[in-house]
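# Working through the structure, step by step
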Amino acid sequence: VTGLSIRHVGEWFQRSNATISRYFHKMLNTFSSSPFYTKYIHLPNDDKVHTRIQHNPRFWPFFKGIIGALDGSHIHAAPGAFERGAHRNRK
């Protein structure tokens with residue numbers, strides 16, 4: 001969630017890197033296991049894209065081939081140096 005390294009998280013919570021790594025892997029296994037994954041992760045059943053997006057040349061090149069949307073999720077992105085100007089000051 002924080003995007004920090006294991007070392008930084010360990011320092012923040014005053015725990016060893018091995019402990020942080022162990023619990024990170026436990027959470028990763030929990031989120032990818034059958035009971036959690038099958039209940040909370042839902043992939044789209046079809047490849048329908050809203051017509052407003054599909055017929056708009058501003059949006060369609062970027063949304064072509066998508067498999068769904070992530071609502072309410074924050075995905076950390078670190079664009080390369082040559083792309084940073086295009087993504088600056090964006091929420």
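Right above here is the structure, for reference.
Scope of this entry: the structure provided in the associated data block. (Residues numbered from 1 in each chain as written. Predicted model: local features only at pLDDT ≥ 70, side-chain atom pairs only at ≥ 80, totals over all residues. Heavy atoms only, no water.)

### Quick word on the overall build of the protein chain
The number of helices and strands found in the protein chain is 6 helices and 0 strands. For the protein chain, the N- to C-terminal ordering of α and β elements is α-α-α-α-α-α. Taken across its 91 residues, the protein chain has 5% of its residues classed as buried. Carbon together with sulfur atoms contributes 58% to the accessible area of the protein chain, which is approximately 9100 Å² in total. (Helix = DSSP H or I, 4+ residues; strand = E, 2+ residues; numbered from the N terminus. Buried < 20%, exposed > 50% of the residue type's maximum accessible area, 1.4 Å probe, protein only. Areas by Shrake-Rupley, 256 points an atom, 1.4 Å probe, with all protein chains shown as cover.)

### So, the environment of Ala18
Mapping Ala18 onto the fold places it in helix α2 (residues 17-32). In this structure Ala18 comes out as exposed when scored by relative accessible area, which is 51%. Expressed as a C-alpha distance, the spacing of Ala18 and Arg7, which sit 11 residues apart in the sequence, is 9.6 Å.

### Side note on the packing of helix α1 (residues 6-13) against α2
Where α1 contacts α2, the axes come no closer than 8 Å and their chain directions differ by 110 degrees. For the element pair α1 / α2, the angle class is roughly perpendicular. Contacts between α1 and α2 involve Ile6, Arg7, Val9 and Gly10 from the former and Asn17, Ile20 and Ser21 from the latter. Each residue belonging to the contact of α1 with α2 can be placed in one class, and the counts come to 3 nonpolar, 3 polar and 1 charged. (Axes fitted to C-alpha atoms, helices over the stretch in contact; angles between N-to-C directions. Parallel < 35°, antiparallel > 145°, perpendicular 65-115°, else oblique. Contact = heavy atoms within 4.5 Å. Nonpolar A, V, L, I, M, F, W, Y, C, P; charged D, E, K, R; others polar.)

### Section: unusual backbone geometry
Residue Gln14 is not a glycine yet carries a positive backbone phi of 55 degrees. Classification of Gln14 by relative accessible area gives exposed; the value is 61%.

### Some thoughts on a nonpolar patch on the surface
Where nonpolar side chains cluster on the molecular surface, the patch consists of Tyr37, Tyr40 and Ile41 and spans about 300 Å² of accessible area. As for its placement among the helices and strands, Ile41 is situated in the loop between α3 (34-40) and α4 (51-54). (Patch = residues over 30% accessible without salt bridge, like charges linked within 9 Å, V, L, I, M, F, W, Y side chains within 5 Å. Salt bridge = Lys/Arg side-chain N within 4 Å of Asp/Glu carboxyl O.)

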